[in-house]
Amino acid sequence: MEKWATELISQLDEKLQGTRKRDLQFFRVEEFKRNVERVGAFSKDCPVCEKEKLNIAEISRKMDEAIQIPGKSRREYDRLINRLSSHMQKFHGYFPPFYFTYLFSFFGMIAGLLLGYLLMKLFPEEDWVMLSAGFSIGLIAGYFWGSKKDRKVRMDKKLM
């Protein structure tokens, strides 16, 4: 971690010292701090991270205002944290918790419904049983496949 990131995080901690814990969780301040650390680490090799350092420094100056008062500062902070999270996910491989579990479960349900529909047409006497069985099998398969990928993300310490 770079000296820049350490100083910025300590400034953020000072500014947000009296803020309620619920507000800090709602506005994803801890995630923002972790992304600041990552931007500091990747800024030597990544031009996007280097450009985002300016935006981070600007938002950190008015961070207490962004959390306490709705308005322009809050919108800028929200856009910045979403942009940082998206960049970290796409280019550096960091993912939110249970990302693949939810994604693969959804697509497993869709695939299971399609398979169940085909089986329902092949075996019309067991119509709803085949549809619900396909749904269940697809959901369970997607859940386990996604859990396996999420476990790999946790092992690689690439959790957002």
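Residues numbered from 1 in each chain as written. Predicted model: local features only at pLDDT ≥ 70, side-chain atom pairs only at ≥ 80, totals over all residues. Heavy atoms only, no water.

## What to know about the overall build of the protein
For step 1, the next point in the chain: On a plain count of helices and strands, the protein comes out with 8 helices and 0 strands.
For step 2, the next point in the chain: Listed by position from the N terminus, the elements making up the protein come as α-α-α-α-α-α-α-α.
For step 3, the next point in the chain: Computed over its C-alpha atoms, the radius of gyration of the protein comes to 22 Å, more than 25% above the 15 Å expected for a compact globule of 160 residues.
For step 4, the next point in the chain: Projected onto its principal axes, the C-alpha positions of the protein cover 70 × 35 × 20 Å. (Helix = DSSP H or I, 4+ residues; strand = E, 2+ residues; numbered from the N terminus. Rg over C-alpha atoms; globule rule 2.2 N^0.38 Å.)

## A look at helix α8 (residues 127-155)
For step 1, the next point in the chain: Helix length check: α8 (29 residues) gives 43 Å between terminal C-alpha atoms against 42 Å at 1.5 Å per residue, within 8%.
For step 2, the next point in the chain: The complete set of buried residues in α8 reads Leu131, Gly134, Gly138, Gly142, Gly146, Ser147, Asp150 and Val153.
For step 3, the next point in the chain: On the buried face of α8, the contacting elements are α7 (99-122).
For step 4, the next point in the chain: Within two residues after α8, Lys157 carries a phi angle of roughly 55°, on the positive side. (Expected span 1.5 Å × (residues − 1). Buried < 20%, exposed > 50% of the residue type's maximum accessible area, 1.4 Å probe, protein only. Contact = heavy atoms within 4.5 Å.)

## Details of a nonpolar patch on the surface
For step 1, the next point in the chain: On the surface, Leu113, Phe135, Leu139, Ile140, Tyr143 and Phe144 cluster together to form a nonpolar patch covering roughly 540 Å² of accessible area.
For step 2, the next point in the chain: The element that contributes the greatest number of residues to the nonpolar patch is α8, accounting for 5 residues.
For step 3, the next point in the chain: Within the fold, Leu113 resides in helix α7. (Patch = residues over 30% accessible without salt bridge, like charges linked within 9 Å, V, L, I, M, F, W, Y side chains within 5 Å. Areas by Shrake-Rupley, 256 points an atom, 1.4 Å probe, with all protein chains shown as cover. Salt bridge = Lys/Arg side-chain N within 4 Å of Asp/Glu carboxyl O.)

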